[in-house]
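Understanding the architecture of this molecule
What follows is the residue order along each chain.
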There are 2 protein chains.
Amino acid sequence: MATLIAPCNHSPQEDAEALQKAFKGWGTDENAIIVILGHRNIYQRQQIRTAYEEIFQEDLVKKLESELKGDFEKAVYRWILEPADRDAVLANVALKSGRNYYAIVEISSVLSPEELLAVRRAYLDRYKRSLEEDIASHTSGHLRQLLVGLVTSYRYTGDEINAKLAQSEAEILHEAIKEKKGSQEEAVRILSTRSKTQLIATFNYYREIHGTSITKKLLDEASDDFQKALYTAIRCTTNHTKYYEKVLRDAIKGVGTDEDALTRVIVSRAEIDLKIISEVYYKRNSVPLEHAVAKETSGDYKNFLLTLLGKDD
Amino acid sequence: MATLIAPCNHSPQEDAEALQKAFKGWGTDENAIIVILGHRNIYQRQQIRTAYEEIFQEDLVKKLESELKGDFEKAVYRWILEPADRDAVLANVALKSGRNYYAIVEISSVLSPEELLAVRRAYLDRYKRSLEEDIASHTSGHLRQLLVGLVTSYRYTGDEINAKLAQSEAEILHEAIKEKKGSQEEAVRILSTRSKTQLIATFNYYREIHGTSITKKLLDEASDDFQKALYTAIRCTTNHTKYYEKVLRDAIKGVGTDEDALTRVIVSRAEIDLKIISEVYYKRNSVPLEHAVAKETSGDYKNFLLTLLGKDD
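Residues numbered from 1 in each chain as written. Chains lettered and ligands numbered in written order. Predicted model: local features only at pLDDT ≥ 70, side-chain atom pairs only at ≥ 80, totals over all residues. Heavy atoms only, no water.

1. A word on the overall build of chain A
Helix and strand counts for chain A come out as 20 helices and zero strands. For chain A, whose C-alpha radius of gyration is 21 Å, the value lies close to the compact-globule estimate of 20 Å for 313 residues. Counting all 313 residues of chain A, 53% fall into the buried class. In chain A, 69% of the contacts between residues at least 6 apart in sequence involve partners at least 24 apart. (Helix = DSSP H or I, 4+ residues; strand = E, 2+ residues; numbered from the N terminus. Rg over C-alpha atoms; globule rule 2.2 N^0.38 Å. Buried < 20%, exposed > 50% of the residue type's maximum accessible area, 1.4 Å probe, protein only. Contact = heavy atoms within 4.5 Å.)

2. A word on the relation of the copies chain B and chain A
For the pair chain B and chain A, the superposition axis carries a translation of 0.0 Å, the fit reaches an RMSD of 0.0 Å, and the rotation angle comes to 180°. Both chain copies can therefore be described as sitting about a two-fold axis. Proximity to the rotation axis, assessed at the C-alpha, singles out Thr152 of chain B in chain B; its C-alpha lies 2.7 Å from the axis. The fraction of interface residues of chain B whose copies in chain A are also interface residues reaches 100%, indicating that both copies meet through the same surface. (Least-squares fit on C-alpha atoms with pLDDT ≥ 70 in both.)

3. Re the domain arrangement of chain A
Interface extent is often summarised as the accessible area lost during association of the parts. Residue and element names in this part refer to chain A. Entries for chain A in the domain assignment read domain 1 (12-68), domain 2 (83-151), domain 3 (163-238) and domain 4 (241-308). Measuring from the centre of the C-alpha atoms in domain 1 to the corresponding centre in domain 4 gives 25 Å. Carbon and sulfur atoms supply 61% of the area buried between domain 1 and domain 4, which totals about 560 Å² over both sides. Of all residues in domain 1, the largest losses of buried area upon contact with domain 4 belong to Glu30, Ile34 and Gly38, amounting jointly to 66% of the total for that side. (Domains from an automatic or database assignment. Buried area = accessible area lost by both parts, 1.4 Å probe.)

4. Details of the interface of chain B and chain A
Facing the 27 residues of chain B at the interface are 27 residues of chain A. Between chain B and chain A, roughly 2400 Å² of surface is buried when both sides are summed, and carbon and sulfur atoms account for 49% of that area. It is Glu133, Tyr154 and Tyr156 of chain B in chain B that bury the most area against chain A; as a group they hold 23% of the surface buried on that side. Taken together, the links from chain B to chain A amount to six salt bridges. Taking the shortest distance from any N to any O, the salt bridge between Glu133 of chain B and Arg194 of chain A comes out at 2.8 Å. Considering each element in turn, the side of chain B that touches chain A owes the most residues, five residues, to helix 8 (residues 113-127) of chain B. For the side of chain B that touches chain A, the per-class residue count stands at five nonpolar, eight polar and 14 charged. (Salt bridge = Lys/Arg side-chain N within 4 Å of Asp/Glu carboxyl O. Nonpolar A, V, L, I, M, F, W, Y, C, P; charged D, E, K, R; others polar.)

5. Some remarks on the environment of His39 of chain B
All names here are of chain B. Along the chain, His39 turns up in the loop between helix 2 (30-37) and helix 3 (42-56). Taking the C-alpha atoms as reference points, His39 and Ile5, 34 residues apart in sequence, are found 5.5 Å from one another. Within polar-contact distance, the side chain of His39 engages the backbone oxygen of Ile5 at 2.7 Å. (Polar contact = N/O pair within 3.5 Å; in protein donor to acceptor, adjacent residues only side chain to side chain.)

6. Focus on the packing of aromatic side chains
Considering all chains together, one arrives at 10 aromatic pairs over all chains under this definition. An angle of 50° between the planes, with centres 4.9 Å apart, marks the rings of Tyr52 of chain A and Phe56 of chain A as tilted. Taken together, the residues span about one helical turn, with Tyr52 of chain A and Phe56 of chain A both in helix 3 (residues 42-56) at a distance of four residues. Note on Tyr52 of chain A: relative accessible area 0%, which makes it buried. Judged by relative accessible area, which is 23%, Phe56 of chain A ranks as partly exposed. With centroids separated by 5.9 Å and ring planes inclined at 80°, the aromatic side chains of Phe72 of chain B and Phe304 of chain B adopt a geometry described as edge-to-face. Here Phe304 of chain B lies in helix 20 (residues 299-308) and Phe72 of chain B lies in helix 5 (residues 70-80), a separation of 232 residues in the sequence. According to the relative accessible area criterion, Phe72 of chain B is buried, its value standing at 5%. Assessed through its relative accessible area of 1%, Phe304 of chain B is described here as buried. An aromatic cluster is present here, built from Phe23, Tyr52 and Phe56 of chain A joined pairwise through their rings. Above the face of the Trp79 of chain A ring, Arg45 of chain A is positioned so that its terminal group lies 3.6 Å from the ring centre. (Phe/Tyr/Trp six-rings, centres within 6.5 Å; stacked < 30°, edge-to-face > 60°. Lys NZ or Arg CZ within 6 Å of the ring centre and 35° of its normal.)

7. Some remarks on helix 15 (residues 225-238) of chain B
All names here are of chain B. Over its 14 residues, helix 15 runs 20 Å from end to end, which matches the ideal 20 Å to within 8%, given 1.5 Å per residue. In terms of burial, helix 15 is a largely internal element, 11 of the 14 residues being buried. All buried positions along helix 15 are accounted for by Phe226, Gln227, Ala229, Leu230, Tyr231, Thr232, Ala233, Ile234, Arg235, Cys236 and Thr237. (Expected span 1.5 Å × (residues − 1).)

8. Here's the deal with unusual backbone geometry
Residue and element names in this part refer to chain A. For Ser286, which is not a glycine, the phi torsion comes out positive at approximately 55°. Tracing the backbone through its elements, the reader meets Ser286 in the loop between helix 18 (274-285) and helix 19 (289-296). Judged by relative accessible area, Ser286 falls into the exposed class, the value being 57%.

9. Quick word on the confidence of the model for chain A
Residues and elements named next belong to chain A. Here chain A averages 93 in pLDDT, and 99% of its residues register 70 or above. Within chain A, the element-level pLDDT minimum falls on helix 14 (residues 214-221), averaging 86, and the maximum on helix 20 (residues 299-308), averaging 97. Scored by ipTM, the complex comes to 0.82, with pTM at 0.88. (pLDDT = per-residue confidence, 0-100.)

10. Structural notes on the UniProt feature "binding site: Ca(2+) 2" (unreviewed entry) in chain A
Residues and elements named next belong to chain A. UniProt marks Thr297 with the feature "binding site: Ca(2+) 2" (unreviewed entry), using the numbering shown here. Within the secondary structure, Thr297 sits in the loop between helix 19 and helix 20. There is a polar contact of 2.7 Å between the side chain of Thr297 and the backbone oxygen of Val293. (UniProt positions renumbered as here; feature names shortened; annotations may be inferred.)

11. A closer look at the UniProt feature "binding site: Ca(2+) 1" (unreviewed entry) in chain A
All names here are of chain A. Here the UniProt feature "binding site: Ca(2+) 1" (unreviewed entry) sits at Phe23, Gly25, Gly27, Glu67, Ile252, Gly256, Ala294 and Glu296. Taken along the chain, the residues just named run across 274 residues; in space they spread out, the farthest C-alpha pair reaching 35.7 Å. For Phe23, the position within the fold is in helix 1 (residues 12-23). On the basis of relative accessibility, which here comes to 5%, the residue Phe23 falls in the buried class. Not counting residues up to four positions away in its chain, the partners in contact with Phe23 are Thr28, Ile33, Tyr52, Leu60, Lys63, Leu64 and Glu67. Mapped onto the fold, Gly25 is located in the loop between helix 1 and helix 2 (30-37). Note on Gly25: relative accessible area 68%, which makes it exposed.

Structure, rendered in structure tokens:
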């Protein structure tokens with residue numbers, strides 16, 4: 001369930017003209033941009049982009065980049081890109097940051113095999129290098145093996161499960177958490193090749209035998225980037241809405257806000273399941289997500305996020 | 001340049017009926033099967049398969065499997081499958097053999113990124129497991145890393161080259177051949193992520209610095225399955241027609257023939273570049289490939305291979 005509110009009857013030409021009007025004159029009319037783009041779905045946004053190019057011989061994305069700034073610009077930029085292209089950008093940003101690979105694990109573990117392939121294609125088109133090539137150059141050891149394994153996966157999506165395999169592989173994962181020699185490589189193999197249904201059976205078996213969930217165990221023992229990435233991959237696989245709720249919660253709580261994480265989740269999920277994530281957030285925190293976001297952000301950035309969250313104007 | 005001779009004006013219905021006639025009665029008319037299927041391109045074969053199913057409510061592939069036998073059956077079976085599906089079968093056969101992974105390295109290093117993806121899709125459809133999943137379960141260590149890395153690759157196919165990178169990575173490969181600790185993993189990264197153009201630049205640089213080609217060096221020093229797979233991947237990347245000539249030469253020479261390798265190369269390349277491979281073979285051995293194949297094979301199998309090699313009836 002999406003939070004985005006988009007009208008059925010929009011005219012790409014009129015939208016393009018209204019946007020151009022918003023760019024003109026003394027300052028930019030940010031509110032007009034939010035009202036238009038914050039209420040258009042992915043197909044409509046692509047139509048607007050095409051119409052804008054046809055009418056004004058200018059790329060709307062470049063124009064937005066030059067007219068806007070700060071977190072607002074970043075959010076609008078991510079929002080106007082096609083999802084696969086946006087994920088390619090997010091993965092590249094994660095690599096350049098040099099320490100935060102969550103976005104890469106999310107893309108690999110939440111998307112369907114075909115969606116993941118689309119991101120790899122978009123990455124190649126944009127950067128003239130493959131996504132796995134850049135990951136492999138930026139990382140090493142087991143972390144590299146895991147990240148490359150995850151992004152290059154093309155998993156079976158059927159329902160068939162091998163129960164015996166789930167049992168034996170739950171034990172391998174248990175050993176990997178305890179950093180038993182050789183088991184990390186096996187954990188990479190399991191996480192990056194088994195189907196989601198098979199993995200969930202494995203995690204269920206783990207809970208049954210060890211009396212605690214594998215993520216809880218990992219959370220207690222995770223000491224390095226490899227184990228943290230493993231943790232993220234498992235959470236994204238088992239229940240990605242709960243995972244995203246946690247990302248939002250961490251981004252909002254404490255002193256300072258993690259705008260990058262906030263933008264990433266809201267922009268990526270607004271058209272998919274942000275409503276569910278928002279409900280999970282409310283259940284967990286007893287505060288509506290919109291209120292929490294409103295409290296931590298300001299100005300056009302705040303208005304844009306709230307619009308994507310489905311706030312009526 | 002293909003060796004296959006296929007007419008433009010064929011009727012799938014007539015072909016299907018002629019095949020059914022060949023199956024009927026006391027024995028199978030193998031020659032009729034060769035004359036028809038050995039002269040139809042991939043699109044025509046798929047049309048015949050569809051027509052056969054429509055007219056006789058029976059799968060032509062299954063029928064062929066039940067009517068034919070031995071190397072002839074294997075060759076016809078591989079020939080009638082769509083290329084991606086055939087490669088999926090070849091990869092699976094290689095995995096089950098448990099020691100010969102050439103077919104997997106060939107598929108990963110010779111096919112285009114999109115063709116390789118098609119094989120992975122076909123593998124999933126056929127076996128309900130991913131290709132990399134099965135490879136990872138059958139292998140271990142650096143060999144596993146290399147094979148999984150190769151089949152999951154989705155490389156940049158443009159012409160841009162980074163010369164500095166080619167230099168530094170040529171040295172890493174040199175260390176990997178000498179089995180210097182940690183360098184094998186880097187060799188895997190390079191071979192499985194860099195574009196073919198970039199890899200060729202790296203191999204060229206290697207030859208310049210070390211006065212010998214990297215494949216020659218590997219051939220002298222290759223001691224384990226990992227290094228042999230590395231060797232195959234490099235040969236397939238630099239010049240796959242020369243590589244296939246060598247496979248054919250090895251399959252034919254000495255006592256006994258390696259029918260599996262012979263069939264694999266002829267069936268896989270007959271519609272693509274078998275004519276070039278055949279020319280390379282003649283230059284290298286001063287014997288026409290058809291003569292060599294004719295000498296080493298017999299019966300229907302021989303007639304079928306020679307038909308695919310472009311022999312006029």
